[in-house]
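Spelled out, the chains give:
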Amino acid sequence: MAEFIIALVQGILLVLLAPLASGIARWFRAKVHTRKGPSIFQDYRDIAKLLKRQDVHSNVSSRVSRIMPPLYIGCMIVLGMGMPMATRFSPIPFLADIILVIYMLALPRFFFALSGIDSGDAYAGTGGVRELIMGTLIEPSLMLALFVAAIACGTTNVGTMGQMVGAGTVQSPIAFVIAGIAFAVACYIEMGKLPYDEAEAEQELQEGPLQELSGPSLAMMHIAVPMKQVVLASMFVAIFLPFGSAVDLSVAGLAVGTVVYLVKMVVILVVTMVIENCVSRVRWKFVGHQTWFVFAIAVCAFAFCVLGI
């Protein structure tokens, strides 16, 4: 019962606080560009306005466009409920299996791209195709890095992997560290940060699937996109940096684990904000070159894992 309450609290807080992370990133970017910029709470204001407006869809679209936003945000809530955050173990263990996590990350991407094509708009459809291409380029690196970590730990459960790392019982430590590097870079690309920020660039084709959304549907996507970023960062922390998380359900342990988790997330947020404001957008035709480099790092991790190093 206590684990279920923790999972429920995690899911609710993820929905409530994800727009704040996005707002801080927008505020920081404006300060770097010497602009006044929006308030860190601007995303909440935008979401509140969108929730009051009519939900309009293309007259040629099907139910795919209507179910995509709730499906997207629902998948992120499920992942947030199962991901170890303040604790070193998963509140709902079967939701923290990396095979399920991979499918839960791929499902909203597929429907996000499909909704752009379903709208009947050429601009949105092209953006949907680019979303699928981006998934094809980066998801193999994510999967391979996760599988290397699973082999090194002897389990596919994110929480159990974190427990083994915290106890120092990883079988192939060098391979595990290299897999962590590959996973960190892959997560950064998956987050849509510069130089891979197509998902946040309104003038780019990647924004196409969102241009046909309005009202509550668009509001849900403004919540779901930063939620995905927080979930990816939480997964990296849970597997590769589990130190300081609560190992039991005591009040003191949970309090310390929550503080440590928030500190880790703030550090990751600052690092990503600094990186994305120090680089320029990469040309689309060169994205594949850089994602293949990330895949090569994951392959090296797998080779070290096979050798038992």
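Residues numbered from 1 in each chain as written. Predicted model: local features only at pLDDT ≥ 70, side-chain atom pairs only at ≥ 80, totals over all residues. Heavy atoms only, no water.

(A) Expanded view of helix α4 (residues 98-118). Between the first and last C-alpha of α4 there are 30 Å, a value that for 21 residues agrees with the 30 Å anticipated at 1.5 Å per step. Where α4 begins, one side-chain oxygen reaches toward the backbone nitrogen of Ile99, 3.0 Å away; that side chain belongs to Asp97. (Helix = DSSP H or I, 4+ residues; strand = E, 2+ residues; numbered from the N terminus. Expected span 1.5 Å × (residues − 1). Polar contact = N/O pair within 3.5 Å; in protein donor to acceptor, adjacent residues only side chain to side chain.)

(B) Representation of the packing of α4 against helix α9 (residues 215-240) in the model. Between α4 and α9, whose axes approach to 13 Å, the crossing angle comes to 155 degrees. Between α4 and α9, the interaxial angle falls into the category roughly antiparallel. The two elements α4 and α9 cross, and the hand of that crossing is left-handed. The segment α4 lies against α9, with Val101, Leu105, Arg109 and Phe112 engaging Met221, Lys228, Leu232 and Met235. For the contact of α4 with α9, a count of residues per class yields six nonpolar, no polar and two charged. (Axes fitted to C-alpha atoms, helices over the stretch in contact; angles between N-to-C directions. Parallel < 35°, antiparallel > 145°, perpendicular 65-115°, else oblique. Left-handed = near helix turned anticlockwise from the far one by under 90°. Contact = heavy atoms within 4.5 Å. Nonpolar A, V, L, I, M, F, W, Y, C, P; charged D, E, K, R; others polar.)

(C) Geometry of the side chain of Thr291. Secondary-structure assignment places Thr291 in helix α11 (residues 284-307). For Thr291, a relative accessible area of 1% corresponds to the buried category. The residues touching Thr291, leaving out its near neighbours within four places in the chain, are Leu137, Ile138, Ser141 and Ile189. (Buried < 20%, exposed > 50% of the residue type's maximum accessible area, 1.4 Å probe, protein only.)

(D) Inspection of the side chain of Ser90 at higher detail. Position of Ser90 among the secondary structure elements: in the loop between α3 (63-82) and α4. On the basis of relative accessibility, which here comes to 6%, the residue Ser90 falls in the buried class. Among the polar contacts made by the side chain of Ser90, one reaches the main-chain carbonyl oxygen of Gly82 at a distance of 2.5 Å. For Ser90, the side chain forms a polar contact with the main-chain oxygen of Ile92, separated by 3.0 Å. Discounting residues that sit within four places of it in the chain, Ser90 has contacts with Gly82, Pro84, Ala96, Asn157 and Gly159.

(E) Spotlight on the confidence of the model for the protein. Taken residue by residue, the protein gives an average pLDDT of 85. The fraction at 70 or more is 95%. Below pLDDT 50 for its whole length, residues 199-203 participates in 13 contacts with residues either more than four positions away or in separate chains. (pLDDT = per-residue confidence, 0-100.)

(F) How the structure looks around empty space enclosed by the protein. Counted by the stated rule, this structure contains four cavities of 30 Å³ or more. There is about 90 Å³ of room inside the second largest cavity. If you go around the second largest cavity, the residues you meet are Ile102, Leu105, Ala106, Glu139, Leu142, Met143, Leu146, Glu190 and Met235. Looking at the lining of the second largest cavity, the elements with two or more residues in it are α4 and α5 (122-153). In terms of residue count, α5 provides more of the lining of the second largest cavity than any other element does, four residues in total. (1 Å grid on protein atoms, 1.4 Å probe; cavity = no way out; pocket = protein on both sides within 12 Å on 5 of 7 lines; lining within 4 Å. Points joined across faces, edges and corners; volume = space filled by probe spheres on them.)

(G) Broad picture of a nonpolar patch on the surface. Together, Met1, Phe4, Ile5, Leu8, Val9, Ile12, Leu13, Leu16 and Leu17 make up a nonpolar patch on the protein surface, roughly 860 Å² of accessible area in all. Tracing the backbone shows Leu16 in helix α1 (residues 2-32). (Patch = residues over 30% accessible without salt bridge, like charges linked within 9 Å, V, L, I, M, F, W, Y side chains within 5 Å. Areas by Shrake-Rupley, 256 points an atom, 1.4 Å probe, with all protein chains shown as cover. Salt bridge = Lys/Arg side-chain N within 4 Å of Asp/Glu carboxyl O.)

(H) Quick peek at the pattern of salt bridges. A complete count under the given rule lists six salt bridges for this structure. Taking the shortest distance from any N to any O, the salt bridge between Arg26 and Asp43 comes out at 2.5 Å. Note that Arg26 is positioned in helix α1 and Asp43 in helix α2 (residues 42-51), a separation of 17 residues in sequence. On the basis of relative accessibility, which here comes to 33%, the residue Arg26 falls in the partly exposed class. In this structure, Asp46 and Arg26 form a salt bridge, with 3.7 Å as the shortest nitrogen-oxygen distance. You can see Asp46 sitting in helix α2 and its partner Arg26 sitting in helix α1, a full 20 residues away along the chain. Each of Arg109, Glu139, Glu190 and Lys228 takes part in one network of salt bridges that share partners.

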